[in-house]
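The residues making up each chain are set out below.
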Amino acid sequence: MDRSEQPPVNNKPVQNKKRKGGPSKARITAWVILSLIGIMVTVVAAFALYIWNGLRPTSDGAVIQMELKKGMSPFDFAEELEENGIIRDAFMFKYYLRLKDEGPNFQAGVYELAPGMDRDAIIAKLNAGETLKKETVRFTIPEGFTVEQIADTLSTAGIVGKEAFVALADTDKVWGDIDTVRSIPKDNKQLRHRLEGYLFPETYELEIGSKPEAIILRMLQEMDRKLDALPENWEETLAERKLDYHSLLTIASLVEREVVVDEERPIVASIIFNRMKEGMPLQIDATVQYSLDKPKERLYEKDLLVDSPYNTYQVKGLPPGPIASPSLKSIEAALYPADTDYFYYVTKKDGSNAHLFARTLREHNRNIKLSNEIAK
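Remember, predicted model here, so these are calculated numbers, not experimental data.

*Asks:* Sorry, what's going on with the overall build of the protein chain here?
*Replies:* Regarding its fold elements, the protein chain presents 13 helices and 6 strands. Residues counted as buried form 39% of the 376 residues belonging to the protein chain. With an accessible surface of roughly 23,100 Å², the protein chain has 51% of that area assigned to carbon and sulfur atoms.

Shown next, in the form of C-alpha cells:
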C-alpha cells in the first residue's frame, strides 16, 4: 500500500471525556433537607399519635369506686387512675393537667369512675366533688342532756360505746380551733365531766362508723357556731359581767335545767345573778340532782345535804362547771338576764311548768303555799 495514501497520524494523546449523570451538590443538599423534614414530620406525627392515644378514653368498662384521699396529690391520683384502667397514660394525663392548670381544686372523697370516661369529664367530676354520699346516721341530743345522757343516747342507737365516749369527754386535750373549750379550767379537779355543757344539743347527721372523737368535735363546732350567731358585742357584754365562757355556760345550764317556759329564762337568770351579788347560796335543785348518782323524781331534805361541790344548797356561788348542755335560749338568758329584784322562785304545781317569783322569803313562802293549793 502506498504510504502516501494513508491518513495522517494524530500523535496527540487521547484525553478521557468527563463522566455525566452523578448527583450535584445542590441535589445532595436538597435530599438531606427533605430527609430531615421527613424524619421530623414522622417524629411529630408519631408524638402526636402518642399524645392522642394517651389521652383518648379507654375502652368502656364497669363502674368502679376510687378514693381521692385527703392530702393526695392529683399526680399520685393519676397513677391510680391508670392502674385501674380509667385512663390510658398517667404521664400524659399529668401533662394535660399542667397544661390546663387543673388539679388544685380536686376534692377528696370516694368517686364512681368508669373506663371510657372522657378526660375532661373526669376532671370536672373531681373539681365538682361529685363524691358518693356515704351512709349516715341521724341522732338528736335534747336540750338539757348531760354528758352521760348523751353517751347513753349514742350507745343505745349503736353509734358509739358509752364508756369510750365519756372517757374522751373527760380527756384534757385540745380540740382543734374550738374557742370555748379553752376557757375550761385546767386545774379544776372538781369537774365531773370536762366537756359537760360544751356539747351543743341538736340533731346531727354523721357518717356511719364515726368515732367518738369525730362526734364530739362536731358537737363542739356546733357550740362555736351557735355562739357566733349571738349579737356582735356579746363578748364585751360577757367581759362587763366579769364572766368567761365557762361561767356563762354554767349559768346557762342551770337555767336550762330549771326552766321550761322560754319567757322565764331571763328572769331565772336574773335571780342567779342577784343571789350571787348578795352572797346568797343559789339553792338550785337541779345542782343537787346532778350531785346524786341517779336523779330522783322528788328531792328530800336529806338529799340537800349531799356532799358535792355541785350542791348549791351547801356551797355558795356557781358550781365547778355546767350541769348539762344548755340551749341557745338559755345561753342568751345568761348573757342578757332580765332586770329584776327577785331572789326566789317556785314551780307552779298546776301542770303549766311556769314559776311564781318573789322578792322576799315571806313572799316566797306564800308562793309555795299557793302552788300547793293549785296543785293538780
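*Asks:* Quick question: what am I supposed to make of a negative patch on the surface here?
*Replies:* A contiguous patch of negative charge, built from D228, E235, E236 and E240, is present on the exposed surface. For the negative patch, the element with the most residues is helix α8 (residues 234-240), which contributes 3 residues. Positionally, D228 belongs in helix α7 (residues 212-228).

*Asks:* Before we go on, may I ask you to explain the environment of L248 in this structure?
*Replies:* Its place among the elements puts L248 in helix α9 (residues 245-258). For L248, a relative accessible area of 1% puts it in the buried group. When the C-alpha atoms of L248 and I331 are compared, they prove to be 7.1 Å apart, with 83 residues separating the residues in sequence. For L248, the contacting residues outside a window of four places in its chain are W234, L238, I331, A334 and L335.

*Asks:* Just to check I follow, could you spell out the nonpolar core for this structure?
*Replies:* Taken as a class, soluble globular proteins show a tendency for nonpolar side chains to be buried jointly. F165, L195, L199, I215, I216, L220 and I331 are the most contacted members of the largest nonpolar core, which has 59 residues in total. For this core, the element with the highest residue contribution is α9, accounting for 7 residues. Sequence-distant contacts of L195, that is, excluding residues within four places in its chain, are made with V147, A169, W175, V181, I184, I216 and L220. Core analysis: the next-biggest nonpolar cluster, separate from the first, contains 17 residues, L68, F77, Y96 and Y111 among them.

*Asks:* Looking at this model, I keep getting lost on the pattern of salt bridges. Mind explaining?
*Replies:* Evaluated as defined, the whole model comprises 17 salt bridges. A salt bridge links E222 to R225; the shortest N-O distance between them is 2.7 Å. Separated by 3 residues within a single helix, E222 and R225 lie in helix α7, roughly one turn from each other. Measuring nitrogen to oxygen at the nearest pair gives 2.9 Å for the salt bridge that ties R359 to D341. In this pair, R359 is assigned in the loop between β6 (355-358) and α13 (361-373) and D341 in the loop between α12 (328-335) and β5 (344-347), connecting sequence segments 18 residues apart. Judged by its relative accessible area of 42%, D341 falls in the partly exposed class. One network of salt bridges, with partners in common, ties together E202, R218, E222, R225 and K226.

*Asks:* Honestly, α13 in this entry has me stumped. Any pointers?
*Replies:* An α-helix turns once every 3.6 residues. As a result, residues three or four positions apart point the same way. A rise of 1.5 Å per residue sets the reference length of α13, with its 13 residues, at 18 Å; its end C-alpha atoms lie 18 Å apart and thus fit the reference within 8%. Taken together, the buried positions of α13 are occupied by H364, N367 and S371. Considered in projection along α13, the buried side chains sweep an arc of 55° and stay on one side of the axis. Turned more than 90 degrees away from the buried face of α13 sit R362, R366, K369 and E373, all of them exposed. Elements in contact with the buried residues of α13: β5 and β6.

*Asks:* Got a minute to help me understand unusual backbone geometry in this structure?
*Replies:* It is generally the case that most residues other than glycine have a negative phi and that most peptide bonds are trans. Although it is not a glycine, Q283 adopts a positive phi angle of roughly 50°. Tracing the backbone shows Q283 in the loop between α10 (265-277) and α11 (285-291). The residue N353 is not glycine, and still its phi comes out positive at about 65°. Relative to the assigned elements, N353 resides in the loop between β5 and β6.

*Asks:* Is there a simple way to explain a nonpolar patch on the surface in this structure?
*Replies:* On the surface, I28, W31, V32, L36, I39 and V43 cluster together into a nonpolar patch covering about 610 Å² of accessible area. For V43, the position within the fold is in helix α1 (residues 25-55).

*Asks:* Can you help me understand the packing of helix α6 (residues 162-169) against α7 in this one?
*Replies:* Helix-helix packing is characterised by the crossing angle of the two axes and by the distance between the axes. Put simply, α6 and α7 touch, their axes get as near as 10 Å, and they point 50° apart. As the angle between them shows, α6 and α7 are arranged oblique. Judged by the twist between their axes, the crossing of α6 over α7 is right-handed. Seen from α6, the contacting residues are A164, F165, L168 and A169; seen from α7, they are P212, E213, I215 and I216. Here the contact of α6 with α7 is composed, by residue class, of 7 nonpolar, no polar and 1 charged.

Rules used in this analysis
- Residues numbered from 1 in each chain as written.
- Predicted model: local features only at pLDDT ≥ 70, side-chain atom pairs only at ≥ 80, totals over all residues.
- Heavy atoms only, no water.
- Helix = DSSP H or I, 4+ residues; strand = E, 2+ residues; numbered from the N terminus.
- Buried < 20%, exposed > 50% of the residue type's maximum accessible area, 1.4 Å probe, protein only.
- Areas by Shrake-Rupley, 256 points an atom, 1.4 Å probe, with all protein chains shown as cover.
- Patch = residues over 30% accessible without salt bridge, like charges linked within 9 Å, V, L, I, M, F, W, Y side chains within 5 Å.
- Salt bridge = Lys/Arg side-chain N within 4 Å of Asp/Glu carboxyl O.
- Lys, Arg positive; Asp, Glu negative; His and termini not counted.
- Charge placed at Lys NZ, Arg CZ, Asp CG, Glu CD.
- Contact = heavy atoms within 4.5 Å.
- Core = buried A, V, L, I, M, F, W, Y, C linked by side-chain atoms within 4.5 Å.
- Expected span 1.5 Å × (residues − 1).
- Arc of directions from axis to C-beta.
- Axes fitted to C-alpha atoms, helices over the stretch in contact; angles between N-to-C directions.
- Parallel < 35°, antiparallel > 145°, perpendicular 65-115°, else oblique.
- Left-handed = near helix turned anticlockwise from the far one by under 90°.
- Nonpolar A, V, L, I, M, F, W, Y, C, P; charged D, E, K, R; others polar.

The values are spatial; any link to function lies outside them.
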